[in-house]
Amino acid sequence: GRLPQPVAPMDWKKRRTLPSSAVRRVAIVGGTHGNETNGVHLAKFFMRNAELVRRPSFETEVFISNEAAVAQNTRYVDEDLNRCYFLSDL
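Summary of the structure given here. As the structure is a computational prediction, the values presented were derived from the model and not from experiment.

1. Brief notes about the overall build of the protein
Moving on, step 1. Helix and strand content of the protein: three helices and two strands.
Moving on, step 2. Starting at the N terminus, the α and β elements of the protein follow one another as α-β-α-β-α.
Moving on, step 3. When the 90 residues of the protein are sorted by exposure, 16% land in the buried category.
Moving on, step 4. In the protein, once contacts between residues fewer than 6 apart in sequence are set aside, the share between residues at least 24 apart is 64%.
Moving on, step 5. Accessible surface, the protein: about 7900 Å² in total, of which carbon and sulfur atoms supply 54%.

2. Some points on the environment of Arg-75
Moving on, step 1. As for its placement among the helices and strands, Arg-75 is situated in the segment after helix 3 (67-72).
Moving on, step 2. Residues Arg-75 and His-33, 42 residues apart in the sequence, show an inter-C-alpha distance of 4.6 Å.
Moving on, step 3. Each residue touching Arg-75, except ones within four places of it in the same chain, is listed here: Thr-32, His-33, Gly-34, Asn-35, Glu-36, Asn-66, Ala-69, Asp-80 and Asn-82.
Moving on, step 4. Within the local environment of Arg-75, its side chain forms a polar contact with the side chain of Asp-80, the two groups lying 3.2 Å apart.

3. Overview of the packing of aromatic side chains
Moving on, step 1. Going through the model one piece at a time under the given rule, you end up with one aromatic pair.
Moving on, step 2. Where Phe-45 meets Phe-46, the ring centres are 6.0 Å apart and the plane angle is 55 degrees; that geometry is what we call tilted.

4. What about the side chain of His-33?
Moving on, step 1. One can find His-33 in the loop between strand 1 (25-30) and helix 2 (37-48).
Moving on, step 2. Look at His-33 and you get buried, because its relative accessible area is 11%.
Moving on, step 3. Filtering out sequence-adjacent residues up to four positions away, His-33 remains in contact with Asn-66, Thr-74, Arg-75, Asp-80 and Asn-82.

Rules and cut-offs
- Residues numbered from 1 in each chain as written.
- Predicted model: local features only at pLDDT ≥ 70, side-chain atom pairs only at ≥ 80, totals over all residues.
- Heavy atoms only, no water.
- Helix = DSSP H or I, 4+ residues; strand = E, 2+ residues; numbered from the N terminus.
- Buried < 20%, exposed > 50% of the residue type's maximum accessible area, 1.4 Å probe, protein only.
- Contact = heavy atoms within 4.5 Å.
- Areas by Shrake-Rupley, 256 points an atom, 1.4 Å probe, with all protein chains shown as cover.
- Polar contact = N/O pair within 3.5 Å; in protein donor to acceptor, adjacent residues only side chain to side chain.
- Phe/Tyr/Trp six-rings, centres within 6.5 Å; stacked < 30°, edge-to-face > 60°.

Structure below.
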């Protein structure tokens, strides 16, 4: 069979998208992968200490996502959140 062709390295500088206006809202999310607990602990810390992430120039919200996976200490329950996006959505 044929060997797969190498993929050219991605030029991330060309892939960056910059906002067309000032950022008004920021989300800090822990728990995307339920078994990666550092983000969960940090999000909970920020929820208890909101003044640490509060800024006058934008609104900040802190969330725990994928709560079922966090509770089960597993990466995901139904679908890996890193694998559920269509290329057209990025």
